[in-house]
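# Understanding the architecture of this molecule
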Amino acid sequence: MRYETHWEFLKNSALLGKLSHAYVFSGNDETGQLRLALKLSQLLNCESRKGGEPCQVCASCRGITERTHPDAVWIAETREIPIGAIRELRHHFSLSSWQSSFKIAVIEKAHVMNIEAQSALLKLLEEPRQNAILFLCTKHPDLLLDTIRSRAQEIRWYVFPAVLKGNSKNVEDLKRLKGSLLQERFDYAKKAAETPEDAVRILEEWMRTQRSILLKTVSDSSENIMQEERVLKTMQEMLQVIQTTNVTPRLAIEQVLVEL
Ligand SMILES: [Zn+2]
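A brief report on the enclosed structure follows. This is a predicted model, so every value here is computed, not measured.

## Overview of the overall build of the chain
- A tally of helices and strands in the chain yields 11 helices and 5 strands.
- In terms of principal-axis extent, the alpha carbons of the chain reach across some 60 × 40 × 25 Å.
- Expressed as a percentage of the 260 residues in the chain, the buried residues total 49%.
- Long-range pairs, those at least 24 residues apart, make up 72% of the contacts in the chain between residues at least 6 apart in sequence.
- Surface summary for the chain: the accessible area is close to 13300 Å², and the carbon and sulfur share equals 51%.
- Side chains of the chain give 35 positive and 34 negative charges; the mean places of these two sets differ by 3 Å.

## Points about the coordination of the zinc ion
- Coordination of the zinc ion by the protein comes from Cys46 (SG), Cys55 (SG), Cys58 (SG) and Cys61 (SG), over a distance range of 2.3 Å.
- Binding-site remark: the zinc ion is held by donors from one chain whose sequence spacing is C-x8-C-x2-C-x2-C. Each member of the pair, cysteine 46 as well as cysteine 55, is classed as buried.

## Some points on the nonpolar core
- Judged by nonpolar contacts, the single largest core of 25 residues is most densely connected at Ile86, Leu89, Ile107, Met113, Leu121, Leu134 and Leu136.
- Of all the elements in the fold, those that place two or more residues in this core are strand E1 (22-26), helix H4 (83-94), strand E3 (103-107), helix H5 (115-126) and strand E4 (132-138).
- For this core, the leading source of residues is H5, giving 6 residues.
- When near neighbours in sequence (up to four residues on either side) are disregarded, leucine 136 contacts Tyr23, Val24, Phe25, Ile107, Ala110, Met113, Leu121, Leu144 and Ile148.
- Listed in part, the 24 residues of the second largest apolar core include Leu36, Trp74, Ile133 and Ile155.

## Some thoughts on the pattern of salt bridges
- Applying the stated criterion across every chain yields a total of 18 salt bridges.
- In this structure, lysine 109 and glutamate 30 form a salt bridge, with 2.9 Å as the shortest nitrogen-oxygen distance. Placement of lysine 109 in the loop between E3 and H5 and of glutamate 30 in helix H2 (residues 30-45) is noted, with a sequence separation of 79 residues between them.
- Judged by its relative accessible area of 19%, glutamate 30 falls in the buried class.
- Measuring nitrogen to oxygen at the nearest pair gives 3.6 Å for the salt bridge that ties glutamate 126 to arginine 151.

## Regarding the side chain of serine 13
- Its location among the elements puts serine 13 in helix H1 (residues 2-15).
- By relative accessible area, serine 13 is classed as buried at 9%.
- Each residue touching serine 13, except ones within four places of it in the same chain, is listed here: Lys18 and Leu19.

## Points about the sheet that holds strand E2 (residues 72-75)
- Strand order in the open sheet made by the 5 strands is E2-E3-E4-E1-E5, with parallel pairing throughout. The open sheet has two edge strands with one neighbour each: E2 and strand E5 (153-156). Taking the axes of each pair of neighbouring strands and ignoring which way they run, one obtains an average angle of 15 degrees across the sheet.
- The strands touched by H1 within the sheet are E1 and E5, with E5 carrying the most contacts at an inclination of about 155 degrees.
- H2 contacts E1, E2, E3 and E4 of the sheet and is inclined by roughly 170 degrees relative to E4.

## Digging into empty space enclosed by the protein
- Considering all chains together, one arrives at 1 cavity of 30 Å³ or more under this definition.
- Here the lining of the largest cavity is composed, by residue class, of 3 nonpolar, 5 polar and 4 charged.
- Taken together, domain 1 (2-156) and domain 2 (169-259) each give at least three residues to the lining of the largest cavity, which thus spans both.

## Re the layout of surface pockets
- Volume-wise, the largest pocket comes out at about 960 Å³.
- Residue lining of the largest pocket: 26 residues in total, with Glu30, Thr78, Lys109, Gln227 and Arg230 positioned closest to the centre.
- Contributions of two or more residues to the lining of the largest pocket are made by H2, E4, helix H10 (225-244) and helix H11 (249-259).
- In terms of residue class, the lining of the largest pocket is made up of 8 nonpolar, 8 polar and 10 charged.
- Three or more residues apiece are contributed to the lining of the largest pocket by two domains, here domain 1 (2-156) and domain 2 (169-259).

## Section: the packing of H4 against H5
- Closest axis-to-axis distance for the H4/H5 pair is 8 Å, and the angle between their directions is 15 degrees. Here H5 runs roughly parallel to H4, going by the angle between their axes. Our pair here, H4 against H5, has a crossing hand that is right-handed. For the pair formed by H4 and H5, the contact residues are Ile83, Ile86, Leu89, Arg90 and Phe93 on the first element and Glu116, Ala117, Ala120, Leu121, Lys123 and Leu124 on the second.

Analysis parameters
- Residues numbered from 1 in each chain as written.
- Predicted model: local features only at pLDDT ≥ 70, side-chain atom pairs only at ≥ 80, totals over all residues.
- Heavy atoms only, no water.
- Helix = DSSP H or I, 4+ residues; strand = E, 2+ residues; numbered from the N terminus.
- Buried < 20%, exposed > 50% of the residue type's maximum accessible area, 1.4 Å probe, protein only.
- Contact = heavy atoms within 4.5 Å.
- Areas by Shrake-Rupley, 256 points an atom, 1.4 Å probe, with all protein chains shown as cover.
- Lys, Arg positive; Asp, Glu negative; His and termini not counted.
- Charge placed at Lys NZ, Arg CZ, Asp CG, Glu CD.
- Donors = N, O, S within 2.8 Å, 3.2 Å for Na, K, Ca; no water.
- Core = buried A, V, L, I, M, F, W, Y, C linked by side-chain atoms within 4.5 Å.
- Salt bridge = Lys/Arg side-chain N within 4 Å of Asp/Glu carboxyl O.
- Pairing = 2+ DSSP bridges.
- Axes fitted to C-alpha atoms, helices over the stretch in contact; angles between N-to-C directions.
- 1 Å grid on protein atoms, 1.4 Å probe; cavity = no way out; pocket = protein on both sides within 12 Å on 5 of 7 lines; lining within 4 Å.
- Points joined across faces, edges and corners; volume = space filled by probe spheres on them.
- Nonpolar A, V, L, I, M, F, W, Y, C, P; charged D, E, K, R; others polar.
- Domains from an automatic or database assignment.
- Parallel < 35°, antiparallel > 145°, perpendicular 65-115°, else oblique.
- Left-handed = near helix turned anticlockwise from the far one by under 90°.

Next up, the structure:
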């Protein structure tokens, strides 16, 4: 329900004209982060708002959904966002609007901006302009420059798959770690995986849980299938690595934890 709470908050800020010029949406709900950025972008430029909600059918709403709106830029890179992408973004923000009142930029997986890109983005945040808004969506806000985070309003929330039940401590740990900061994950790996036997036991339990998450994700036809598959695959690979090499168990567990 947290997504709805944040939507209400942002909607009211928009209707009162009290939006921040930049937001960081963080936590593990990547789909929800994008949904929130998309809906707010629609609301800001909708040609016929209905009761504070975007109509979803006007040319502007559709353009934003289809990512063809001339005033809305989406940056979606999975490996690395280079400085060139942020330079283009600054250029976009420097032009006047084509057809709408708001210039919008959404950066997915904002943590994959390299350091030059982050510095360029910081410059953009230091010169905010009227009627322009930037959304940074990320699972790893701790990989963003502190100076970026301090210039944006951060909204953080987590979702937990309902299938994550069970009494096993390892399963409980997995559930908790899915919503935790990287530092907490590394601390966990250091404590929990002292020996290869520990790491094997943890991974075997996690894989059982992860398989049931994946099955549920498939039956829900959720958009997170690829992500959940990747997590399971990393668990399998690391289990094999621990059993066949002399890798440090902590490193193998960390490898899984960064994928969560
Ligand atoms: Zn509309």
